[in-house]
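Single-letter residue listing:
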Amino acid sequence: MQGQYCNQTVELLSCGLSRNNSGNGSASGFFNQSMLSCRNNFVTSCLGDEEMKIYTLEILRVAEFLTVSAENVRLRPVNNSGNSSGIDLMCFARYGAMPSATLHDFSGNLNKSPLVINSPKVGQWYISILALNLSKETGGSQSNVSKVCYSLELQELECPLGKAGPNCLSERYMLQTVLRKDSTPFESYFLPYGEKVMSDAANFLLEPLLSNYSFGGLNTWTYFILDIPHGAAGGNLHIRLTSDRKLNYEIYVRNGGLPSLVNWDYYYVNKTSNSHGSMFFALYSSSEEKADFYILYVREGTWNIALRNLNSTDGTSNRQTTMSVSLERCPKRCSYHGDCKSALDASGLTSYSFCACDRTHGGFDCSIEIVSRQGHIWQSIALIASNAAAVLPAFWALRQKAFAEWVIYTSSGISSGLYHACDVGTWCALSFGVLQFFDFWLSFLAVVSTFVYLTTIGEVYKRAIHTVVAILTALMAITKATRPSNVILVMAIGALALLVGWLIEFSTKYRSLSFSMDLCLNSLERRRIREWVNSLVKTIMKRFRWGFLLAGFMALAMAAISRDLENSQNYWIWHSVWHVTIYTSSFFFLCSKVITINSGNERPTDANYQLTRQDSLSRG
């Protein structure tokens, strides 16, 4: 059934053997061909103008061609004077899906000539018949509009066992499946029936199997057929030919039907002319004497491999060519530079395999050397040793007895070095996830601690701010630590912590400055405010060493640039620069602060404190 409401019938065509022909194998005769004839159950069908009827047919075996024809085309009622020869009886054929006038694989007007489909695929075919121009041929009278009736006939030509090609004169071999021992499920190789099966031999000699007949005096074709079961779909079909002379074969591969020069899924002619443009075709180390390629993630069903011998007149008695066909889970065993992994599709019935490569190789088969062994050593040294730049801010914090900052910078440098040692495959002290968390968390915390250090507040307030910041940055590091927005969030948290520190400092140092709420500002009060503002500006100017502060911003800009320049090819270079510049910028920012506290009891000695103290004594 089909249609919007599933109320239209799809008629199943019934098939039966119509005739057998035999001959002597010459080019003009048949070679024991078998013809299947398929008809609709009701013998005749009638359609009105622009009406469509759909039929279905299942092809069970590899066929040479499928012919669709309409017999006994006539108008109804019989006394209608219209001419049936002017009616278009359009036929649309499609493999595996419903055809339409706009979406189909093959089409033709059956009232003019039969529709011939060469090498149809094995499986379900759908054929729709559409009548056109019926009203025009019957004179356009609505009361006397006829229907066109026809008998649909399909003929399917099948060659006998072991034969294929034009007139069934080429050799065809069914390959038997031999499972590999001590391998992953569904890994196997294929040998012609009758060949001796050996556990360690997947090759067979090709010349004794070649066809001797040349159709039209040109080239010979030899066909090999193999079946891929449902569970093995998703594997990789490996085809290899090796000859002691120049290889004189073209290889054509097709799923479901016989391949030809004009109908194929994949092909190999030589190392410069092949299906290399397809993402599912991988060519390896081929030469004039060797053809070696993979068809990736093959579908289930019947696969047909056709060999076209280009020099059949030269003879093959002195040539020796071996052929191997195998089904492998991972191409080239991941080139021995990775592990073969598997994953199930959404149905849970098909397993797809892929290569998880080591640190120095890439590509779908791990055959591409991303970095040499010596290069990998230098990359490891750069990414790990660059964290030694954390010694600069850690040393300065220890010298100024800022022990909290010293612990944070030291821990950040160590955790980053351990994380990158595991990331490059050198050594993992803990699991990768734990090391990544500590690296990002302590890095975030180190950045914010630099902002907090620029304030002049007591240790009690610092511990409170550090606690809050530690919780926030830990949440950021545990949830999507690598997202780019974290950099902006960390800078925002650091700026907020700096603002809070300055507010605390302002509220504790300058609380002595007060104004009378019941009196207007007189000239004395305004003079005091101006003096206070001037003193505050001088204090800020004296608070920082501006040369170090400028150097800190320059180092921070270099860190931002290096972060932006990172990609998969130059990661180790610019990320190492990032380590050095970000720790160096923290060091310059720490050095830019002028220490004005002699102890942990908030005893400032700057000029503004002296001014406010004298003012308090005079007012007291």
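Residues numbered from 1 in each chain as written. Predicted model: local features only at pLDDT ≥ 70, side-chain atom pairs only at ≥ 80, totals over all residues. Heavy atoms only, no water.

Per an unreviewed UniProt entry, the chain goes by the name EGF-like domain-containing protein and belongs to Gossypium raimondii. Per UniProt, the chain has the following entry under Subcellular location (unreviewed entry): "Cell membrane". (UniProt positions renumbered as here; feature names shortened; annotations may be inferred.)

Our focus in this paragraph is the state of the cysteines. With the rule as written, the count across this model stands at 7 disulfides. The disulfide bridge from cysteine 46 ends at cysteine 149, spanning 1.9 Å between sulfur atoms. The chirality of the disulfide connecting cysteine 46 with cysteine 149 is right-handed, given an S-S dihedral of about 100 degrees. One end of the pair, cysteine 46, is in strand β4 (residues 45–47); the other, cysteine 149, is in strand β11 (residues 147–158), and 103 residues separate them in sequence. The exposure class of cysteine 46 is partly exposed, given its relative accessible area of 24%. Bridging cysteine 159 to cysteine 168, the disulfide has an S-S length of 1.9 Å. Between cysteine 159 and cysteine 168, the disulfide has an S-S torsion of -80 degrees and is therefore left-handed. (Disulfide = S-S within 2.5 Å. Helix = DSSP H or I, 4+ residues; strand = E, 2+ residues; numbered from the N terminus. Buried < 20%, exposed > 50% of the residue type's maximum accessible area, 1.4 Å probe, protein only.)

A separate point is the side chain of serine 119. Position of serine 119 relative to the elements: it lies in the loop between β9 (115–118) and β10 (123–132). You can call serine 119 buried: its relative accessible area is 11%. Setting aside anything within four residues of it in sequence, one finds serine 119 in contact with Ala63, Glu64, Phe65, Arg254, Gly257, Leu258 and Asn263. (Contact = heavy atoms within 4.5 Å.)

The subject of this paragraph is the UniProt feature "transmembrane region" (unreviewed entry) in the chain. Following the UniProt record, the feature "transmembrane region" (unreviewed entry) maps to residues 440–457, 464–481, 487–504, 544–561 and 573–591 here. Secondary structure over residues 440–457 splits into 78% helix and 0% strand, and the C-alpha atoms at its two ends are 27 Å apart.

Once that is clear, we can look at the packing of helix α3 (residues 391–399) against helix α4 (residues 403–423). In contact at an axis separation of 8 Å, α3 and α4 are set at 160 degrees when each is read in the N-to-C sense. When the axis of α3 is compared with that of α4, the two are roughly antiparallel. Between α3 and α4 lies a crossing of left-handed hand. Judged by residue contacts, Pro393, Ala394, Ala397 and Leu398 of α3 engage Phe403, Glu405, Trp406, Tyr409 and Thr410 from α4. The class makeup of the residues in the contact of α3 with α4 is 7 nonpolar, 1 polar and 1 charged. (Axes fitted to C-alpha atoms, helices over the stretch in contact; angles between N-to-C directions. Parallel < 35°, antiparallel > 145°, perpendicular 65-115°, else oblique. Left-handed = near helix turned anticlockwise from the far one by under 90°. Nonpolar A, V, L, I, M, F, W, Y, C, P; charged D, E, K, R; others polar.)

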